[in-house]
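# Chain and residue survey
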Amino acid sequence: MKKLLYIRNVTIYSESEDVINGSLLIADNTIKAIHNNTEVPPPSNAEVIDGRGLNLIPGFIDGHIHGAAGADVMDATEEALDTMAEVLPAEGTTSFLATTITQSPENIENALTNVADYESRQGQAEVLGVHLEGPFIEESKKGAQPLEYITKPDIEKFQKWQDFSGGKIKTITLAPEHDVDGSFINYLYASGVNVSAGHTGTGFEGMKKAVSHGVRQVTHICNAMSGIHHRDIGVVGAAFRLEQLRAELIADGIHVAPEMLQLIYLNVGSERLILITDAMRAKCLQAGDYELGGQPVNVLEDRAVLEDGTLAGSILKMNEGARQMLRLKDVSIKNIVKMASENPAKQLNVFNTKGSIKEGKDADLLLVDDDLNIKYTICRGVIAYEGV
(Lines give C-alpha, C1' and ligand atoms only; values in the text may rest on other atoms or scores of the structure.)
Protein backbone atom coordinates (compact mmCIF):
# COMPACT_ATOMS: atom_id res chain seq x y z
CA MET A 1 0.00 0.00 0.00
CA LYS A 2 1.32 3.44 -0.92
CA LYS A 3 2.20 5.81 1.89
CA LEU A 4 -0.10 8.83 1.57
CA LEU A 5 0.24 12.32 3.01
CA TYR A 6 -2.57 14.84 2.61
CA ILE A 7 -2.10 18.59 3.25
CA ARG A 8 -5.22 20.76 3.39
CA ASN A 9 -6.29 24.33 4.08
CA VAL A 10 -3.21 25.96 2.54
CA THR A 11 -2.28 28.53 -0.07
CA ILE A 12 -0.37 26.50 -2.63
CA TYR A 13 2.27 28.31 -4.70
CA SER A 14 2.06 25.86 -7.56
CA GLU A 15 3.97 26.05 -10.82
CA SER A 16 0.97 27.32 -12.76
CA GLU A 17 -1.06 29.34 -10.24
CA ASP A 18 -1.59 30.25 -6.61
CA VAL A 19 -4.26 28.00 -5.14
CA ILE A 20 -6.12 29.60 -2.23
CA ASN A 21 -7.51 27.22 0.41
CA GLY A 22 -6.25 24.27 -1.56
CA SER A 23 -5.17 20.76 -0.71
CA LEU A 24 -2.45 18.46 -1.96
CA LEU A 25 -1.98 14.70 -1.94
CA ILE A 26 1.42 13.00 -1.79
CA ALA A 27 1.78 9.36 -2.76
CA ASP A 28 5.14 7.81 -1.86
CA ASN A 29 7.67 10.53 -2.77
CA THR A 30 5.74 12.46 -5.43
CA ILE A 31 2.94 15.00 -5.70
CA LYS A 32 -0.09 12.99 -6.71
CA ALA A 33 -2.82 15.65 -6.89
CA ILE A 34 -3.45 19.37 -6.30
CA HIS A 35 -7.02 20.35 -5.53
CA ASN A 36 -8.10 23.88 -6.40
CA ASN A 37 -10.32 25.82 -3.97
CA THR A 38 -12.41 22.85 -2.94
CA GLU A 39 -11.99 20.58 0.04
CA VAL A 40 -11.57 17.08 -1.33
CA PRO A 41 -11.81 14.45 1.40
CA PRO A 42 -8.45 12.78 2.14
CA PRO A 43 -8.05 9.05 1.51
CA SER A 44 -8.93 7.04 4.61
CA ASN A 45 -5.37 5.73 4.94
CA ALA A 46 -3.62 9.12 4.53
CA GLU A 47 -1.77 11.05 7.20
CA VAL A 48 -3.39 14.51 7.30
CA ILE A 49 -1.74 17.88 7.94
CA ASP A 50 -4.09 20.83 8.49
CA GLY A 51 -2.20 23.84 7.14
CA ARG A 52 -4.48 26.32 8.94
CA GLY A 53 -4.12 28.91 6.18
CA LEU A 54 -0.31 28.68 5.88
CA ASN A 55 1.66 28.73 2.62
CA LEU A 56 2.84 25.60 0.81
CA ILE A 57 5.95 26.31 -1.28
CA PRO A 58 8.60 24.14 -2.95
CA GLY A 59 11.63 23.15 -0.90
CA PHE A 60 14.78 25.25 -1.12
CA ILE A 61 17.73 24.05 -3.21
CA ASP A 62 21.15 25.16 -1.95
CA GLY A 63 23.54 24.96 -4.88
CA HIS A 64 26.57 26.11 -2.90
CA ILE A 65 27.19 24.74 0.60
CA HIS A 66 30.42 23.39 2.10
CA GLY A 67 29.20 22.19 5.47
CA ALA A 68 27.00 22.44 8.55
CA ALA A 69 26.73 21.16 12.13
CA GLY A 70 30.43 20.31 12.35
CA ALA A 71 30.55 18.44 9.03
CA ASP A 72 32.25 19.46 5.78
CA VAL A 73 32.12 17.98 2.28
CA MET A 74 35.93 17.81 2.32
CA ASP A 75 35.78 15.43 5.31
CA ALA A 76 35.02 12.89 2.59
CA THR A 77 32.96 10.64 4.84
CA GLU A 78 29.45 9.25 4.64
CA GLU A 79 28.86 10.59 8.15
CA ALA A 80 29.65 14.16 7.06
CA LEU A 81 27.09 14.10 4.23
CA ASP A 82 24.57 12.42 6.54
CA THR A 83 25.03 15.16 9.12
CA MET A 84 24.45 17.89 6.55
CA ALA A 85 21.48 16.13 4.98
CA GLU A 86 19.88 15.64 8.39
CA VAL A 87 20.13 19.23 9.67
CA LEU A 88 19.38 21.17 6.46
CA PRO A 89 15.59 20.52 6.37
CA ALA A 90 15.27 22.65 9.52
CA GLU A 91 16.16 25.68 7.38
CA GLY A 92 13.97 24.61 4.47
CA THR A 93 16.64 23.01 2.31
CA THR A 94 15.36 19.81 0.71
CA SER A 95 18.26 19.26 -1.71
CA PHE A 96 21.77 20.62 -2.20
CA LEU A 97 25.07 20.42 -4.06
CA ALA A 98 27.94 19.15 -1.91
CA THR A 99 30.53 21.88 -2.51
CA THR A 100 34.28 21.28 -2.54
CA ILE A 101 37.06 23.81 -2.02
CA THR A 102 40.45 24.36 -3.64
CA GLN A 103 42.63 21.64 -2.13
CA SER A 104 45.16 18.97 -3.04
CA PRO A 105 44.10 16.65 -5.88
CA GLU A 106 44.03 13.76 -3.42
CA ASN A 107 41.65 15.54 -1.05
CA ILE A 108 39.37 16.64 -3.90
CA GLU A 109 39.31 13.11 -5.31
CA ASN A 110 38.43 11.66 -1.90
CA ALA A 111 35.53 14.09 -1.55
CA LEU A 112 34.28 13.33 -5.07
CA THR A 113 34.46 9.58 -4.53
CA ASN A 114 32.52 9.98 -1.29
CA VAL A 115 29.68 11.81 -3.06
CA ALA A 116 29.70 9.23 -5.86
CA ASP A 117 29.17 6.45 -3.30
CA TYR A 118 26.64 8.31 -1.17
CA GLU A 119 22.96 7.37 -1.27
CA SER A 120 20.53 10.01 -0.01
CA ARG A 121 18.17 8.76 2.68
CA GLN A 122 14.45 9.16 3.13
CA GLY A 123 13.49 12.06 5.35
CA GLN A 124 16.70 13.99 4.71
CA ALA A 125 17.83 16.63 2.20
CA GLU A 126 18.91 15.04 -1.06
CA VAL A 127 22.46 15.37 -2.41
CA LEU A 128 21.96 16.34 -6.06
CA GLY A 129 25.64 16.27 -6.94
CA VAL A 130 28.80 18.33 -6.58
CA HIS A 131 29.67 22.00 -6.93
CA LEU A 132 33.41 22.01 -7.71
CA GLU A 133 34.56 25.41 -6.42
CA GLY A 134 38.11 25.82 -7.65
CA PRO A 135 40.93 25.03 -8.06
CA PHE A 136 40.86 26.73 -11.49
CA ILE A 137 40.61 30.25 -10.10
CA GLU A 138 42.47 33.58 -9.98
CA GLU A 139 45.00 33.90 -7.16
CA SER A 140 44.31 37.59 -6.50
CA LYS A 141 40.61 36.79 -5.98
CA LYS A 142 41.07 33.60 -3.99
CA GLY A 143 39.06 34.76 -0.96
CA ALA A 144 39.18 31.84 1.48
CA GLN A 145 40.46 29.37 -1.12
CA PRO A 146 43.96 28.02 -0.23
CA LEU A 147 46.52 29.69 -2.48
CA GLU A 148 48.95 26.76 -2.74
CA TYR A 149 46.49 24.50 -4.56
CA ILE A 150 45.23 26.93 -7.21
CA THR A 151 45.99 25.67 -10.71
CA LYS A 152 45.26 26.34 -14.38
CA PRO A 153 42.26 24.85 -16.23
CA ASP A 154 42.93 21.28 -17.31
CA ILE A 155 40.41 19.23 -19.28
CA GLU A 156 42.15 15.94 -18.57
CA LYS A 157 42.18 16.62 -14.84
CA PHE A 158 38.51 17.58 -14.88
CA GLN A 159 37.59 14.41 -16.81
CA LYS A 160 39.43 12.37 -14.19
CA TRP A 161 37.56 14.14 -11.39
CA GLN A 162 34.22 13.73 -13.12
CA ASP A 163 34.93 10.01 -13.28
CA PHE A 164 35.74 9.98 -9.55
CA SER A 165 32.40 11.71 -8.88
CA GLY A 166 30.42 9.22 -10.93
CA GLY A 167 29.38 12.03 -13.26
CA LYS A 168 27.95 14.06 -10.37
CA ILE A 169 29.86 17.33 -10.84
CA LYS A 170 26.92 19.59 -11.78
CA THR A 171 28.48 23.05 -11.28
CA ILE A 172 32.05 24.31 -11.50
CA THR A 173 33.33 27.69 -10.34
CA LEU A 174 36.32 28.96 -12.33
CA ALA A 175 38.11 32.13 -13.38
CA PRO A 176 37.39 32.48 -17.13
CA GLU A 177 40.46 34.66 -17.80
CA HIS A 178 42.69 31.59 -17.38
CA ASP A 179 40.88 29.70 -20.13
CA VAL A 180 42.41 31.90 -22.80
CA ASP A 181 40.95 30.24 -25.90
CA GLY A 182 37.72 29.15 -24.23
CA SER A 183 38.34 25.46 -24.91
CA PHE A 184 37.89 24.41 -21.28
CA ILE A 185 34.59 26.28 -20.86
CA ASN A 186 33.40 25.01 -24.24
CA TYR A 187 34.11 21.44 -23.16
CA LEU A 188 32.31 21.86 -19.84
CA TYR A 189 29.27 23.51 -21.42
CA ALA A 190 29.03 20.80 -24.10
CA SER A 191 29.18 18.10 -21.43
CA GLY A 192 26.25 19.62 -19.55
CA VAL A 193 28.13 21.14 -16.61
CA ASN A 194 26.83 24.45 -15.22
CA VAL A 195 29.83 26.80 -15.62
CA SER A 196 30.00 29.64 -13.10
CA ALA A 197 32.45 32.55 -13.15
CA GLY A 198 33.85 33.20 -9.70
CA HIS A 199 37.04 34.03 -7.83
CA THR A 200 37.87 36.00 -10.96
CA GLY A 201 39.44 39.33 -11.82
CA THR A 202 38.13 39.49 -15.37
CA GLY A 203 36.25 42.55 -16.59
CA PHE A 204 33.05 43.08 -18.54
CA GLU A 205 34.58 42.26 -21.94
CA GLY A 206 36.09 39.12 -20.47
CA MET A 207 32.69 38.10 -19.19
CA LYS A 208 31.05 38.66 -22.57
CA LYS A 209 33.67 36.38 -24.09
CA ALA A 210 33.17 33.80 -21.34
CA VAL A 211 29.41 33.81 -21.90
CA SER A 212 29.99 33.20 -25.61
CA HIS A 213 31.92 30.05 -24.66
CA GLY A 214 29.31 28.77 -22.20
CA VAL A 215 29.50 30.50 -18.81
CA ARG A 216 25.93 30.75 -17.52
CA GLN A 217 26.32 31.69 -13.86
CA VAL A 218 28.16 34.00 -11.46
CA THR A 219 29.38 32.60 -8.14
CA HIS A 220 28.36 34.55 -5.00
CA ILE A 221 27.88 37.88 -6.76
CA CYS A 222 30.01 40.77 -5.43
CA ASN A 223 32.35 38.44 -3.53
CA ALA A 224 35.78 37.50 -4.94
CA MET A 225 35.25 39.24 -8.29
CA SER A 226 35.67 42.56 -10.06
CA GLY A 227 33.06 45.09 -9.01
CA ILE A 228 31.40 47.93 -10.85
CA HIS A 229 33.69 50.76 -11.98
CA HIS A 230 32.61 53.63 -14.18
CA ARG A 231 35.03 52.56 -16.94
CA ASP A 232 34.55 48.78 -16.57
CA ILE A 233 31.44 47.38 -14.95
CA GLY A 234 33.21 44.08 -14.22
CA VAL A 235 31.64 40.76 -13.32
CA VAL A 236 28.98 42.38 -11.15
CA GLY A 237 27.96 44.60 -14.04
CA ALA A 238 27.96 41.58 -16.34
CA ALA A 239 25.45 39.88 -14.05
CA PHE A 240 23.32 43.02 -14.28
CA ARG A 241 23.52 43.36 -18.05
CA LEU A 242 23.90 39.87 -19.58
CA GLU A 243 20.59 38.03 -19.64
CA GLN A 244 22.27 34.64 -20.15
CA LEU A 245 23.63 34.77 -16.60
CA ARG A 246 22.04 33.74 -13.35
CA ALA A 247 23.79 34.93 -10.20
CA GLU A 248 24.30 33.23 -6.85
CA LEU A 249 23.66 35.50 -3.87
CA ILE A 250 24.62 35.12 -0.20
CA ALA A 251 21.84 37.18 1.36
CA ASP A 252 23.17 37.42 4.91
CA GLY A 253 23.61 41.21 4.90
CA ILE A 254 27.33 40.68 5.57
CA HIS A 255 28.78 39.30 2.34
CA VAL A 256 26.57 41.83 0.58
CA ALA A 257 25.23 44.90 2.41
CA PRO A 258 21.42 45.22 2.59
CA GLU A 259 21.55 48.31 0.35
CA MET A 260 23.48 46.32 -2.26
CA LEU A 261 21.02 43.45 -1.96
CA GLN A 262 18.31 45.89 -3.00
CA LEU A 263 20.42 47.21 -5.87
CA ILE A 264 21.17 43.69 -7.07
CA TYR A 265 17.50 42.74 -6.88
CA LEU A 266 16.48 45.81 -8.89
CA ASN A 267 19.02 45.00 -11.62
CA VAL A 268 19.01 41.20 -11.75
CA GLY A 269 15.58 40.38 -10.37
CA SER A 270 13.99 37.19 -9.14
CA GLU A 271 14.08 35.68 -12.63
CA ARG A 272 17.90 35.35 -12.51
CA LEU A 273 18.96 35.32 -8.84
CA ILE A 274 19.82 32.09 -7.01
CA LEU A 275 19.91 32.16 -3.22
CA ILE A 276 22.72 30.14 -1.64
CA THR A 277 24.35 29.91 1.77
CA ASP A 278 28.01 29.12 0.98
CA ALA A 279 27.90 27.80 4.56
CA MET A 280 30.83 26.13 6.29
CA ARG A 281 30.92 23.53 9.06
CA ALA A 282 30.26 26.00 11.89
CA LYS A 283 26.68 26.62 10.76
CA CYS A 284 24.30 25.51 13.54
CA LEU A 285 27.13 25.55 16.09
CA GLN A 286 28.50 27.99 18.65
CA ALA A 287 31.05 30.72 17.94
CA GLY A 288 34.64 29.51 18.20
CA ASP A 289 37.57 28.14 16.22
CA TYR A 290 36.98 25.92 13.20
CA GLU A 291 38.64 25.20 9.85
CA LEU A 292 37.87 25.52 6.14
CA GLY A 293 40.06 23.93 3.49
CA GLY A 294 42.73 23.25 6.07
CA GLN A 295 42.79 26.89 7.18
CA PRO A 296 41.91 28.12 10.69
CA VAL A 297 38.61 30.00 10.82
CA ASN A 298 37.30 32.11 13.66
CA VAL A 299 33.51 32.08 13.87
CA LEU A 300 31.91 35.09 15.48
CA GLU A 301 28.25 35.59 16.30
CA ASP A 302 27.29 36.47 12.74
CA ARG A 303 30.23 35.56 10.46
CA ALA A 304 33.22 33.30 9.81
CA VAL A 305 36.64 34.81 9.03
CA LEU A 306 40.22 33.75 8.34
CA GLU A 307 43.06 35.05 10.50
CA ASP A 308 43.43 38.11 8.23
CA GLY A 309 39.72 38.95 8.46
CA THR A 310 38.74 37.52 5.05
CA LEU A 311 35.21 36.11 5.06
CA ALA A 312 35.41 32.32 5.05
CA GLY A 313 32.10 31.08 3.74
CA SER A 314 29.09 31.83 5.92
CA ILE A 315 27.00 30.46 8.77
CA LEU A 316 23.81 31.48 6.97
CA LYS A 317 20.69 29.33 6.89
CA MET A 318 18.58 29.30 3.73
CA ASN A 319 15.38 30.48 5.43
CA GLU A 320 17.29 33.37 7.00
CA GLY A 321 18.64 34.44 3.61
CA ALA A 322 15.17 34.16 2.10
CA ARG A 323 13.75 36.23 4.96
CA GLN A 324 16.42 38.90 4.40
CA MET A 325 15.34 39.14 0.77
CA LEU A 326 11.65 39.24 1.71
CA ARG A 327 12.33 42.47 3.62
CA LEU A 328 13.40 44.24 0.42
CA LYS A 329 11.09 46.45 -1.59
CA ASP A 330 8.81 44.64 -4.05
CA VAL A 331 9.85 41.13 -2.95
CA SER A 332 7.05 38.62 -2.34
CA ILE A 333 6.94 34.96 -1.36
CA LYS A 334 6.44 34.17 -5.04
CA ASN A 335 9.76 35.91 -5.78
CA ILE A 336 11.43 33.89 -3.01
CA VAL A 337 10.15 30.68 -4.61
CA LYS A 338 11.83 31.67 -7.86
CA MET A 339 15.17 32.55 -6.25
CA ALA A 340 15.43 29.68 -3.77
CA SER A 341 13.69 26.84 -5.61
CA GLU A 342 12.78 27.36 -9.25
CA ASN A 343 15.93 29.06 -10.53
CA PRO A 344 18.42 26.63 -8.96
CA ALA A 345 16.38 23.69 -10.27
CA LYS A 346 16.44 25.13 -13.77
CA GLN A 347 20.13 25.98 -13.54
CA LEU A 348 20.96 22.41 -12.50
CA ASN A 349 18.64 20.92 -15.12
CA VAL A 350 16.42 19.17 -12.54
CA PHE A 351 13.30 21.29 -13.03
CA ASN A 352 11.50 18.27 -14.45
CA THR A 353 11.45 16.80 -10.92
CA LYS A 354 12.18 19.66 -8.50
CA GLY A 355 11.86 23.39 -7.93
CA SER A 356 8.10 23.80 -8.18
CA ILE A 357 4.83 22.29 -7.02
CA LYS A 358 3.32 20.27 -9.84
CA GLU A 359 1.68 16.87 -10.12
CA GLY A 360 4.29 14.19 -10.76
CA LYS A 361 7.22 16.13 -9.28
CA ASP A 362 9.13 15.14 -6.16
CA ALA A 363 7.25 16.09 -2.99
CA ASP A 364 9.92 18.49 -1.69
CA LEU A 365 7.72 20.98 0.16
CA LEU A 366 7.72 23.61 2.88
CA LEU A 367 4.78 24.74 4.97
CA VAL A 368 5.58 28.31 6.06
CA ASP A 369 3.89 31.40 7.46
CA ASP A 370 4.01 34.80 5.78
CA ASP A 371 7.40 35.53 7.41
CA LEU A 372 8.90 32.26 6.14
CA ASN A 373 8.97 30.60 9.54
CA ILE A 374 9.05 26.89 8.77
CA LYS A 375 6.31 24.72 10.22
CA TYR A 376 6.98 21.57 8.16
CA THR A 377 9.69 20.45 5.76
CA ILE A 378 8.85 17.48 3.57
CA CYS A 379 11.66 15.76 1.68
CA ARG A 380 10.47 13.46 -1.11
CA GLY A 381 7.19 12.81 0.64
CA VAL A 382 8.56 12.27 4.15
CA ILE A 383 8.20 14.79 6.99
CA ALA A 384 11.83 15.69 7.72
CA TYR A 385 11.28 18.62 10.08
CA GLU A 386 8.41 19.92 12.15
CA GLY A 387 8.69 23.40 13.64
CA VAL A 388 7.00 24.98 16.59
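That block above? That's the structure.
Summarised in this report is the structure supplied together with it. Along each chain, residues carry numbers from 1 onward, in the same order as the chain's sequence is written. With the structure being a predicted model, the display of local features is reserved for residues of pLDDT at least 70 and the display and counting of side-chain atom pairs for 80 or more, all residues being used for whole-chain, interface and lining totals. With hydrogens and water excluded, all non-hydrogen atoms of the structure serve as input to the side-chain values.

### A word on the pairing of strand β11 (residues 169–174)
In this scheme, a residue with accessible area under 20% of its type's maximum is buried, one over 50% is exposed, and one in between is partly exposed, where area comes from a 1.4 Å probe on protein chains only. Strands are runs of DSSP state E lasting at least 2 residues, helices are runs of H or I lasting at least 4, and numbering of each runs from the N terminus. The element β11 is largely enclosed, with a buried count of five among its six residues. At least two bridges found by DSSP between two strands are what make those strands a pair. Direction of pairing for strand β10 (residues 126–133) relative to β11: parallel, over a ladder of four bridges. Paired with L132 across the two strands is I172, which belongs to β11. The handedness of the β10 to β11 crossover, carried by helix α3 (residues 155–164), is right-handed. Pairing of β11 with strand β12 (residues 194–197), which is carried by four bridges, proceeds in the parallel orientation. Along β12, the bridge assignment pairs T171 with N194. The path from the first strand over the helix to the second decides the hand: if it runs clockwise while the strands point away from the viewer, the crossover is right-handed. Following the chain from β11 across helix α4 (residues 183–190) to the adjacent parallel β12, one finds a crossover that is right-handed.

### A word on the nonpolar core
In globular proteins that are soluble, nonpolar side chains generally tend to be buried together. In this structure, I172, I221, L249 and M325 are the most contacted members of the largest nonpolar core, which totals 88 residues. Setting aside residues no more than four positions away along its own chain, L249 makes contact with I221, V256, L261, I264, L273, I274, L275, I276 and M325. Put simply, a nonpolar core is a bunch of buried Ala, Val, Leu, Ile, Met, Phe, Trp, Tyr and Cys residues held in one set by side-chain atoms that sit within 4.5 Å of each other. Formed by 17 residues, the second largest nonpolar core is a distinct cluster that contains V19, L54, I357 and I378. In what follows, residue pairs with any heavy atoms lying within 4.5 Å of each other are defined as contacts.

### Focus on the environment of E307
Looking at where E307 falls in the secondary structure, it is placed in the loop between β18 (304–305) and α8 (318–326). What makes E307 exposed here is its relative accessible area of 74%. Sequence separation of E307 and V297 is 10 residues, and the distance between their C-alpha atoms is 6.7 Å.

### What to know about the sheet that holds strand β16 (residues 288–292)
Pairing within the open sheet is antiparallel, and its three strands lie in the order β16-β17-β18. Looking at which strands have only one partner, the edges of the open sheet turn out to be β16 and β18. Both strand β17 (residues 295–299) and β18 contribute to a ladder of two bridges, which runs antiparallel. Across the sheet, V299 pairs through a bridge with A304, a residue of β18.

### Thoughts on helix α6 (residues 234–241)
The buried fraction of α6 is high, at seven of eight residues. Every buried residue of α6 is accounted for by G234, V235, V236, G237, A238, A239 and F240. In this fold, the buried residues of α6 make contact with α5 (204–213), β13 (217–218), β14 (246–250) and α7 (258–268).

### Points about the pairing of strand β20 (residues 374–379)
By the criterion of burial, β20 is predominantly enclosed, with five of the six residues buried. In the sheet, strand β19 (residues 365–368) pairs with β20 via four bridges, with the strands oriented antiparallel. Across the sheet, residue L365 finds its bridge partner in β20, namely I378. Counting the residues between successive antiparallel strands, the hairpin from β19 to β20 contains five residues, one of them, L372, with a positive phi of roughly 65°. Alignment of β20 against strand β21 (residues 382–386), held across four bridges, turns out to be antiparallel. When the bridges of β21 are listed, Y376 appears paired with E386. The hairpin turn running from β20 into β21, its antiparallel successor, is two residues long, and R380 in that turn takes a positive phi close to 50°.

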